[in-house]
Amino acid sequence: MTGTPGAAATRDGEGPERSPPCSPSYDLTGKNKVVTVDGVKVKLQIWDTAGQERFRSVTHAYYRDAQALLLLYDITNKSSFDNIRAWLTEIHEYAQRDVVIMLLGNKADVSSERVIRSEEGEMLAREYGVPFMETSAKTGMNVELAFLAIAKELKYRAGRQADEPSFQIRDYVESQKRRPSCCSFL
Ligand SMILES: Nc1nc2c(ncn2[C@@H]2O[C@H](COP(=O)(O)OP(=O)(O)OP(=O)(O)O)[C@@H](O)[C@H]2O)c(=O)[nH]1
């Protein structure tokens, strides 16, 4: 899924049909996930939207009730990156006002074909005030972190204790994310 949002929700319920898992070893979309945060299990129900070629026909039902949205672009595909702005506008209009959004630049393992610099992703994310990291569904780079950060944010919102320190998802992602190096895939 590139240039399109994936929705993660913690509640059960009917959702649009899921896409089949992609062939890389780590699946960014398309199945449910249980993430344990501070001993509490957070269930993420993940839906993949249609691809960018079907951009216009995607219904708002995909993300209208979502608690979190992962917006993915492909670092080797400029149009997938350009689509992100349109998605952010759509989301602003139709998604829940407090939806957790995360921007992911996927395929970070194929650095030889990169057309979107990491800084461009960072700038876009900063402009919209959302956390950002580059991922690879092939090597797994930052994939677990993306889900963990979302789960932490949702758990924090659901059961905030008076004495609990506040959780800042952008700070958390910045402190934990791995950056692709120039010479290796990880
Ligand atoms: N090298 C590499 N290939 C990837 C990665 N993620 C996905 N792919 C490959 O990219 C191709 C497209 O992946 P999809 O997940 O189907 O992409 P998509 O844009 O969601 O496709 P649609 O949902 O059909 O529009 C497949 O061949 C995947 O195996 C990645 O992180 N690294």
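Preceding this section is the structure that the text describes.
The notes below deal with the structure included here. Please read these numbers as outputs of a predicted model, since none were measured by experiment.

### Remarks on the pairing of strand β2 (residues 33-37)
(1) Moving on: Burial of β2 is one-sided: the residues Lys33, Val35 and Val37 facing one way are buried, the residues Val34 and Thr36 facing the other way are not.
(2) Moving on: Note: β2 against strand β3 (residues 40-48), 5 bridges, orientation antiparallel. Along β3, the bridge assignment pairs Val35 with Val42.
(3) Moving on: Between β2 and the antiparallel strand that follows it, β3, lie 2 residues; Asp38 among them carries a positive phi value of about 50 degrees.

### Topic: helix α5 (residues 169-176)
(1) Moving on: Along α5, the residues that are buried comprise Ile169, Tyr172 and Val173. Around the axis of α5, the buried residues are gathered within 95 degrees of arc, so they sit on the same side. What points out from α5, more than 90 degrees from its buried face, is the exposed set Asp171 and Ser175.
(2) Moving on: On its buried face, α5 sits against β5 (100-106), β6 (132-134) and α4 (143-158).

### Quick look at the nonpolar core
(1) Moving on: Ranked by size, the top nonpolar core spans 25 residues in total, and within it Leu44, Met102 and Ile150 carry the most contacts.
(2) Moving on: When residues of this core are traced back to their parent elements, those giving at least two are β2, β3, β4 (68-74), β5, α4 and α5.
(3) Moving on: A total of 9 residues in this core trace back to one element, the largest contributor, which is α4.
(4) Moving on: Of all hydrophobic cores here, the second largest spans 21 residues; its members include Tyr73, Leu124, Val130 and Phe132.

### As for helix α2 (residues 78-94)
(1) Moving on: Over its 17 residues, α2 runs 25 Å from end to end, which matches the ideal 24 Å to within 8%, given 1.5 Å per residue.
(2) Moving on: Burial in α2 covers these residues: Ser80, Phe81, Asn83, Ile84, Trp87, Leu88 and Ile91.

### Observations concerning the packing of α2 against helix α3 (residues 118-128)
(1) Moving on: Packing of α2 against α3 brings their axes to within 12 Å, and their N-to-C directions diverge by 10 degrees. As the angle between them shows, α2 and α3 are arranged roughly parallel. The residues of α3 that touch α2, namely those facing Phe81, Ile84, Arg85 and Leu88, are Glu120, Gly121, Leu124, Glu127 and Tyr128.

### Regarding the pattern of salt bridges
(1) Moving on: Here the structure, examined in full by the defined rule, presents 13 salt bridges.
(2) Moving on: The residue Arg85 makes a salt bridge to Glu127 at a minimum N-O spacing of 2.8 Å. On the criterion of sequence distance, the pair formed by Arg85 in helix α2 and Glu127 in helix α3 is long-range, its members being 42 residues apart.
(3) Moving on: Given the relative accessible area of 39%, Arg85 is considered partly exposed.
(4) Moving on: For Arg157, the salt bridge is made with Glu153, and the minimal N-O distance between the two is 2.7 Å.

Thresholds, definitions, all that
- Residues numbered from 1 in each chain as written.
- Predicted model: local features only at pLDDT ≥ 70, side-chain atom pairs only at ≥ 80, totals over all residues.
- Heavy atoms only, no water.
- Buried < 20%, exposed > 50% of the residue type's maximum accessible area, 1.4 Å probe, protein only.
- Helix = DSSP H or I, 4+ residues; strand = E, 2+ residues; numbered from the N terminus.
- Pairing = 2+ DSSP bridges.
- Arc of directions from axis to C-beta.
- Contact = heavy atoms within 4.5 Å.
- Core = buried A, V, L, I, M, F, W, Y, C linked by side-chain atoms within 4.5 Å.
- Expected span 1.5 Å × (residues − 1).
- Axes fitted to C-alpha atoms, helices over the stretch in contact; angles between N-to-C directions.
- Parallel < 35°, antiparallel > 145°, perpendicular 65-115°, else oblique.
- Salt bridge = Lys/Arg side-chain N within 4 Å of Asp/Glu carboxyl O.

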